[in-house]
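Here are the chains, one letter per residue:
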Amino acid sequence: MVFKIATWNINSVRLRINLVERFLEEHKPDVLCLQETKCPNDAFPAKAFRKAGYEHLAFHGQKGYHGVAIASRIPFRDEERRDFCKKGDTRHLAVTLDIGEGVRVHNYYVPAGGDEPDVTVNEKFAHKLDFLTEMETWYKSHKRKKDARMILVGDLNVAPQEHDVWSHRQLLKVVSHTPIEVDHLSRVMKSHDWVDVMRRFVPEDEKLYTWWSYRAKDWEKADRGRRLDHIWVTPALAHTPQSMEVIKNCRGWERTSDHAPVIATFAL
């Protein structure tokens, strides 16, 4: 079976539901994972997704902040919402797609971390590192690592590699690319031997971005991007990725998110 998974930090699903509908119509992913939905569960625009053919929905949201959702044309089961760091925010959602023996999909919105990369003065940065540490610990505790069929997607808010940012040297002290964040994300990857799907298709010495700041007058010309959005798979699925694409043109849509969607195709 061939299927497509998309991940997109939408920055308010209700504000941009028209863009979501356009994206679904143009690209037709089988599964769409959204982050930063900023929407309480009772206000989630489920009707629009069902009208677009996405009958299977799971969401984990709160008013005005955070929030994750999964919309799928493929049936799923075993919904899970983990409260990382016991803060009560809505940053994780997992389901098991009914494909073969099942494929577990984890959707994350990792804390951004504020502006100052110093845990002694910035609680948001400390929260981010604690969140990543808990991810590492949790995945280390998972059993049957060699057989686990999992896909992890989302806005992880870390651009780990040199060419995941527009200037490695200038951003080394900027939150999202600091060495301590990169180290924490690396330990999450090692905790379950995760495979970076995006870099399977784009060599490490080539630039790869998914986010461009609203502050740039001409974001495309300046091209000062970062790769904050990720798609990973466990070793049991390492042979399944067939393609990957950052849908950069969506960043140019009117009143859009500052993130571009990423789509990966898998064959099981």
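Residue numbering note: each chain is counted from 1, following its sequence as written. Residues qualify for local features only when their pLDDT is at least 70, as the model is predicted, and side-chain atom pairs are given and counted only at 80 or more; totals for whole chains, interfaces and linings, by contrast, use all residues. The basis for every side-chain value is the complete set of heavy atoms in the structure, and neither hydrogens nor water enter the calculation.

Helix and strand assignments come from DSSP, with helices taken as H or I runs of at least 4 residues and strands as E runs of at least 2, each series counted from the N terminus. Expected span of a helix: the number of residues minus one, times 1.5 Å. For helix α3 (residues 123–141), spanning 19 residues, the distance from its first C-alpha to its last is 27 Å, which sits close to the expected 27 Å at 1.5 Å a residue. Among the residues of α3, those classed as buried are Phe125, Ala126, His127, Lys128, Leu129, Phe131, Leu132, Glu134, Met135, Glu136, Trp138 and Tyr139. Contacts made by the buried residues of α3 are with β5 (76–80), β6 (92–97), β7 (103–109), β8 (150–155) and α5 (179–191). Polar contacts, as counted here, are pairs of nitrogen or oxygen atoms within 3.5 Å of one another; within protein the pair requires one atom able to donate a hydrogen and one able to accept it, and residues that are adjacent in sequence qualify only if both atoms are side-chain atoms. Its side-chain oxygen at 3.0 Å from the backbone nitrogen of lysine 124, asparagine 122 defines the N-terminal cap of α3. Relative accessibility decides the category of a residue: with a 1.4 Å probe and only protein chains considered, values under 20% of the type maximum give buried, values over 50% give exposed, and everything between is partly exposed. Residue contacts are counted whenever heavy atoms from the two residues lie within 4.5 Å of one another.

Salt-bridge detection follows one rule: a side-chain nitrogen of Lys or Arg within 4 Å of a carboxyl oxygen of Asp or Glu. For the coordinates displayed, the defined rule picks out 18 salt bridges. Two residues, aspartate 196 and arginine 227, come together in a salt bridge whose shortest N-O distance is 3.0 Å. Linking aspartate 196 in strand β9 (residues 195–196) with arginine 227 in the loop between β11 (225–226) and β12 (229–233), this pair joins segments that are 31 residues apart in sequence. Take aspartate 196 and arginine 227: they sit in the same class, and that class is buried. Each of Glu136, Lys140, Asp183 and Arg187 takes part in a single network of salt bridges with overlapping partners.

With that out of the way, let us pick up the sheet that holds strand β3 (residues 56–62). The strand order across the open sheet built from six strands is β3-β4-β2-β1-β14-β13, with neighbouring strands paired in mixed fashion. Every other strand in the sheet has two partners, leaving β3 and β13 (241–246) as the edge strands with one partner each. On average, each strand axis in the sheet is tilted by 10° relative to the strand beside it, whichever way the strands run. For two strands to be treated as a pair, DSSP must find at least two bridges joining them. With five bridges connecting them, β13 and strand β14 (residues 262–267) associate as antiparallel partners. What sits directly across from valine 246, in β14, is valine 262. Axis angles are defined between N-to-C directions and span 0 to 180 degrees, where every axis is a line fitted to C-alpha atoms and, for a helix, only to the segment in contact.

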